[in-house]
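# Structure assessment
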Amino acid sequence: MVVLNWIRTRIRALLVRNRMDAELDDEIRLHIELETEKNLRDGLSPSEARRRALVAFGGVERYREQARDVRGVRPLEDSWRDVRYAVRALLHTPGSSFLAVLTLALAIGAGTTTYSVVSAVVLNSLPFQEPDRLVNVRVAPKERSFSGGGRPSTGPTAKPLAGRLRSYHHTE
Amino acid sequence: MSPTSSSDVLQGTLDLLILRTLKPGSMHGWAIGQRIQQLSEDALQVGQGSLYPALHRLEQRGWIEAEWGTTDNNRKAKYYALTKPGQRALGEEMKSWRRFAGAVELVLAGA
């Protein structure tokens with residue numbers, strides 16, 4: 001209940017910040033007026049009455065800030081101000097901002113690519129029992145060397161070899 | 001203007017005084033300050049400005065609630081009223097204040 005109330009007031013405070021500020025200003029203004037009138041009734045001159053009212057209040061701006069702090073949106077307001085400041089600063093020097101963004105983009109791109117390759121080649125080993133002892137047998141026509149060409153012996157091609165390649169543990 | 005023996009109101013105490021002042025019915029900020037000063041026979045000077053952070057804090061805590069209304073001479077004012085949790089809190093705060101004041105008094109009398 002209290003927590004809900006807390007969240008609700010804070011959201012409300014953010015959404016209707018200007019209205020709440022205006023309300024607080026109205027509140028403080030009325031207070032100063034009423035105090036001034038009391039001083040007038042006590043027989044002070046209008047200017048002195050108002051001066052004493054302000055003194056008795058003790059720093060309008062200070063208490064206005066404090067009352068706003070209580071609402072607990074100051075950190076949010078401040079960080080929003082920081083973001084706007086950063087954007088303005090970046091727009092002020094578009095060249096170097098562009099370079100910075102480009103550098104970041106390239107660096108992140110290169111990093112991601114490198115990692116993807118390393119991940120595929122090194123980190124995720126092949127789905128066989130002893131991947132380091134794996135060989136690929138190719139069938140090549142007589143007249144061509146073994147160095148290139150030929151088709152990998154998978155499926156139907158490999159089947160007839162299966163029984164005859166005794167040096168190999170398993171073929172598929 | 002103010003008596004020399006007047007004491008500034010400490011923060012926690014101010015909350016208690018506000019709650020107690022609102023017990024009979026809702027009031028706006030300035031009237032709360034006046035009432036506290038009047039009830040204490042001018043012995044307690046409430047920093048008038050410090051009322052507002054305190055009021056907003058109590059409102060945040062759900063102990064009081066605010067509503068706009070009009071004063072006797074038709075001016076817009078924000079009226080504060082005790083809530084149910086506020087009434088409970090007032091009871092507890094009063095008890096703990098009296099315990100504290102009584103304890104200090106015991107020490108003073110015994111020394």
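Now for a quick tour of the structure. The model shown is predicted, which means the values in this text are computed figures rather than measured ones. (Residues numbered from 1 in each chain as written. Chains lettered and ligands numbered in written order. Predicted model: local features only at pLDDT ≥ 70, side-chain atom pairs only at ≥ 80, totals over all residues. Heavy atoms only, no water.)

The subject of this paragraph is the interface of chain A and chain B. Every contact between the two is made by 25 residues of chain A and, on the other side, 24 residues of chain B. Overall, the association of chain A and chain B removes approximately 2200 Å² of surface from exposure, summing both partners, and the carbon and sulfur fraction of that is 57%. In terms of surface lost to chain B, no three residues of chain A exceed Glu27, His31 and Val70 of chain A, which account for 27% of the buried area on that side. Where chain A touches chain B, the interface holds four salt bridges. In this structure, glutamate 37 of chain A engages arginine 75 of chain B in a salt bridge whose closest nitrogen and oxygen atoms are separated by 2.9 Å. For the interface between chain A and chain B, the tally reads 13 residue pairs in polar contact (both at pLDDT 80 or more). Elements supplying a minimum of two residues to the side of chain A that touches chain B: helix H1 (2-15), helix H2 (17-41), helix H3 (46-57) and helix H4 (60-70) of chain A. (Contact = heavy atoms within 4.5 Å. Buried area = accessible area lost by both parts, 1.4 Å probe. Salt bridge = Lys/Arg side-chain N within 4 Å of Asp/Glu carboxyl O. Polar contact = N/O pair within 3.5 Å; in protein donor to acceptor, adjacent residues only side chain to side chain. Helix = DSSP H or I, 4+ residues; strand = E, 2+ residues; numbered from the N terminus.)

Right, let's get into the nonpolar core. Generally speaking, nonpolar side chains in soluble globular proteins are found buried as a group. Counting 27 residues, the largest nonpolar core has Ile18, Leu19, Leu22, Ile32, Leu51, Leu55 and Ile64 of chain B as the members making the most contacts within it. Filtering out sequence-adjacent residues up to four positions away, isoleucine 64 of chain B remains in contact with Leu19, Leu22, Leu55, Leu58, Glu59, Tyr80, Ala81, Leu82 and Thr83 of chain B. Of all hydrophobic cores here, the second largest spans five residues; its members include Leu34 of chain A together with Trp30, Ala77 and Tyr79 of chain B. (Core = buried A, V, L, I, M, F, W, Y, C linked by side-chain atoms within 4.5 Å. Buried < 20%, exposed > 50% of the residue type's maximum accessible area, 1.4 Å probe, protein only.)

On to helix H2 (residues 29-39) of chain B. Regarding H2 of chain B, the residues found buried are Gly29, Trp30, Ile32, Gly33, Gln34, Ile36 and Gln37 of chain B. Phi turns positive one or two residues past the end of H2 of chain B, at glutamate 41 of chain B, with a value near 55°.

With that settled, consider the packing of H2 of chain B against helix H3 (residues 51-60) of chain B. All names here are of chain B. Running from N to C, H2 and H3 point in directions that differ by 110°, and their axes come no closer than 10 Å. In terms of their interaxial angle, H2 and H3 are classed as roughly perpendicular. From H2, Gly29, Trp30, Ile32 and Gly33 reach across to H3, where they touch Leu51, Tyr52 and Leu55. A class-by-class count of the residues in the contact of H2 with H3 yields five nonpolar, two polar and no charged. (Axes fitted to C-alpha atoms, helices over the stretch in contact; angles between N-to-C directions. Parallel < 35°, antiparallel > 145°, perpendicular 65-115°, else oblique. Nonpolar A, V, L, I, M, F, W, Y, C, P; charged D, E, K, R; others polar.)

Take the sheet that holds strand E2 (residues 27-28) of chain B next. Residues and elements named next belong to chain B. What the three strands build is an open sheet, ordered E2-E5-E4; its pairing is antiparallel. This sheet does not close on itself; its edge strands, each paired only once, are E2 and strand E4 (64-70). One ladder, built from two bridges, connects E2 with strand E5 (residues 76-82); its direction is antiparallel. Residue pairing in the sheet places histidine 28 in a bridge with tyrosine 79 of E5. (Pairing = 2+ DSSP bridges.)

Next up on the list: the pattern of salt bridges. All names here are of chain A. Per the counting criterion, the structure on display carries 11 salt bridges over all chains. The salt bridge involving glutamate 61 is made with arginine 64; its shortest N-O contact spans 2.7 Å. Linking glutamate 61 with arginine 64, this pair stays in helix H4, spanning three residues, or about one helical turn. Judged by relative accessible area, which is 44%, glutamate 61 ranks as partly exposed. Residue arginine 64 is classed as partly exposed on the basis of its relative accessible area, which comes to 22%. Among the charged side chains, a salt-bridge network with shared partners connects Asp25, Glu61 and Arg64.

Residues and elements named next belong to chain B. Most of E5 sits out of view: five of its seven residues are buried. As paired elements, E4 and E5 share seven bridges and run antiparallel to each other. Bridge assignment links glutamate 65 to a residue of E5, and that residue is alanine 81.

Attention now goes to empty space enclosed by the protein. Within the structure shown, the criterion is met by three cavities of 30 Å³ or more. Here the largest cavity is characterised by a volume of approximately 70 Å³. In this structure, the largest cavity is lined by 13 residues; those nearest its centre are Glu27 and Leu30 of chain A together with His28, Ala77 and Lys78 of chain B. Sorting the residues of the lining of the largest cavity by element identifies H2 of chain A together with H2 and E5 of chain B as the ones contributing at least two each. No other element matches H2 of chain A, which puts five residues into the lining of the largest cavity. Per-class residue counts for the lining of the largest cavity are six nonpolar, three polar and four charged. (1 Å grid on protein atoms, 1.4 Å probe; cavity = no way out; pocket = protein on both sides within 12 Å on 5 of 7 lines; lining within 4 Å. Points joined across faces, edges and corners; volume = space filled by probe spheres on them.)

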